[in-house]
Amino acid sequence: GIQVEQSPPDLILQEGANSTLRCNFSDSVNNLQWFHQNPWGQLINLFYIPSGTKQNGRLSATTVATERYSLLYISSSQTTDSGVYFCAVTGGGADGLTFGKGTHLIIQP
Amino acid sequence: KAGVTQTPRYLIKTRGQQVTLSCSPISGHRSVSWYQQTPGQGLQFLFEYFSETQRNKGNFPGRFSGRQFSNSRSEMNVSTLELGDSALYLCASSPTGGSNQPQHFGDGTRLSIL
């Protein structure tokens, strides 16, 4: 099945810093989503972005489908950005979303 | 518009028992998928239901089963519980479940097996 690798696995930053999270996938995808899982376990949709670029406030994402990677940018980090960021994909014919292992982000005040 | 609702939020069971979890999708969504999250295996796809039929299935034993009702609400059942079934169980819904549609997740049911 399709493989999803996220980097870095852990990231510790000071409030106000910018960050880039990466997601590599092993095959062509029909669906790519970025999620933020907060400390209470809630999985929150950030972007649905199988290709192209989208922005939502301080967050933006870019997927280059031909090169099989996606990037999530977080600017001017806040402590509430802490949590685990997951990339998840569905390839053609694949069953359900395949998740990466996540990037654990800690924003220190 | 209400989001995906999962009940109960927390559950404690003992080995050998069975458990049923419930998921109500976003209004108008007809596809419901279930995922298991554990520290060791991460987030894994269990199965998807659409129009009361299981359409896709992940790599889990037959102790894990589900069903979907005519109002699109879904239940997941785990029989003969094992310690390793302790996990956060997440449900997601989408309009028709096509792989080109975003999935929206509920807050999950945290299951602990003693």
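Here, the structure is the one placed above.
Our subject in this report is the structure included herewith. In this text the structure is predicted, and so the values were computed from the model without any measurement. (Residues numbered from 1 in each chain as written. Chains lettered and ligands numbered in written order. Predicted model: local features only at pLDDT ≥ 70, side-chain atom pairs only at ≥ 80, totals over all residues. Heavy atoms only, no water.)

1. Some points on the overall build of chain A
In terms of regular secondary structure, chain A is built from 0 helices and 11 strands. In chain A, the succession of helices and strands from N to C terminus is β-β-β-β-β-β-β-β-β-β-β. Taking 2.2 N^0.38 as the reference for a compact globule, 109 residues should give roughly 13 Å; the C-alpha atoms of chain A span a radius of gyration of 13 Å, in line with that estimate. Along the first, second and third principal axes, the C-alpha atoms of chain A reach 45 × 25 × 20 Å. (Helix = DSSP H or I, 4+ residues; strand = E, 2+ residues; numbered from the N terminus. Rg over C-alpha atoms; globule rule 2.2 N^0.38 Å.)

2. Some remarks on the pairing of strand β6 (residues 53-57) of chain B
Two faces, one strand: in a regular strand the side chains alternate between the faces of the sheet. When strand β5 (residues 42-50) of chain B meets β6(B), the two strands line up antiparallel, connected through 4 bridges. Opposite B:Y49, over in β6(B), you have B:Q54 as the bridge partner. (Pairing = 2+ DSSP bridges.)

3. Digging into the packing of aromatic side chains
Enumeration according to the criterion identifies 9 aromatic pairs over all chains in this entry. If you follow A:R22 out to its NZ or CZ, it ends over the ring of A:Y69, 4.2 Å from the centre. Above the ring of B:F50, the side-chain terminus of B:R55 is found at 4.3 Å from the ring centroid. (Phe/Tyr/Trp six-rings, centres within 6.5 Å; stacked < 30°, edge-to-face > 60°. Lys NZ or Arg CZ within 6 Å of the ring centre and 35° of its normal.)

4. Looking at the layout of surface pockets
Estimated volume of the largest pocket: approximately 730 Å³. Grouping the constituent residues of the lining of the largest pocket by class yields 11 nonpolar, 13 polar and 4 charged. (1 Å grid on protein atoms, 1.4 Å probe; cavity = no way out; pocket = protein on both sides within 12 Å on 5 of 7 lines; lining within 4 Å. Points joined across faces, edges and corners; volume = space filled by probe spheres on them. Nonpolar A, V, L, I, M, F, W, Y, C, P; charged D, E, K, R; others polar.)

5. Brief notes about unusual backbone geometry
In this structure, A:P8 follows A:S7 across a cis peptide bond, with omega equal to -10°. Looking at the secondary structure, you find A:P8 in the loop between β1 (4-7) and β2 (10-14). The phi dihedral of B:S51 falls on the positive side, at around 50°, and the residue is not glycine. When its relative accessible area of 38% is taken as the criterion, B:S51 is described as partly exposed. (Buried < 20%, exposed > 50% of the residue type's maximum accessible area, 1.4 Å probe, protein only.)

6. Quick look at the side chain of B:S74
All names here are of chain B. One can find S74 in strand β8 (residues 74-78). Residue classification places S74 among the buried positions, given a relative accessible area of 0%. For S74, the side chain forms a polar contact with the side chain of W34, separated by 2.9 Å. Polar side-chain contacts of S74 include one of 2.9 Å to the backbone oxygen of R67. With residues up to four places along the chain from it excluded, the contact list for S74 reads L21, S22, C23, V32, W34, Y49, R67 and Q68. (Polar contact = N/O pair within 3.5 Å; in protein donor to acceptor, adjacent residues only side chain to side chain. Contact = heavy atoms within 4.5 Å.)

7. Concerning the interface of chain B and chain A
Counting residues at the interface gives 18 residues for chain B, matched by 17 residues for chain A. Both sides of the chain B and chain A interface together cover about 1,500 Å² of buried area, and 49% of this is carbon and sulfur. Looking only at chain B, the three residues that lose the most surface to chain A are B:L43, B:S99 and B:F105, adding up to 33% of its buried area. Applying the counting criterion to the chain B and chain A interface returns 0 salt bridges. The tally of links between chain B and chain A comes to 7 residue pairs in polar contact (both at pLDDT 80 or more). (Buried area = accessible area lost by both parts, 1.4 Å probe. Salt bridge = Lys/Arg side-chain N within 4 Å of Asp/Glu carboxyl O.)

These results come straight from atomic positions and should not be treated as a statement about function.
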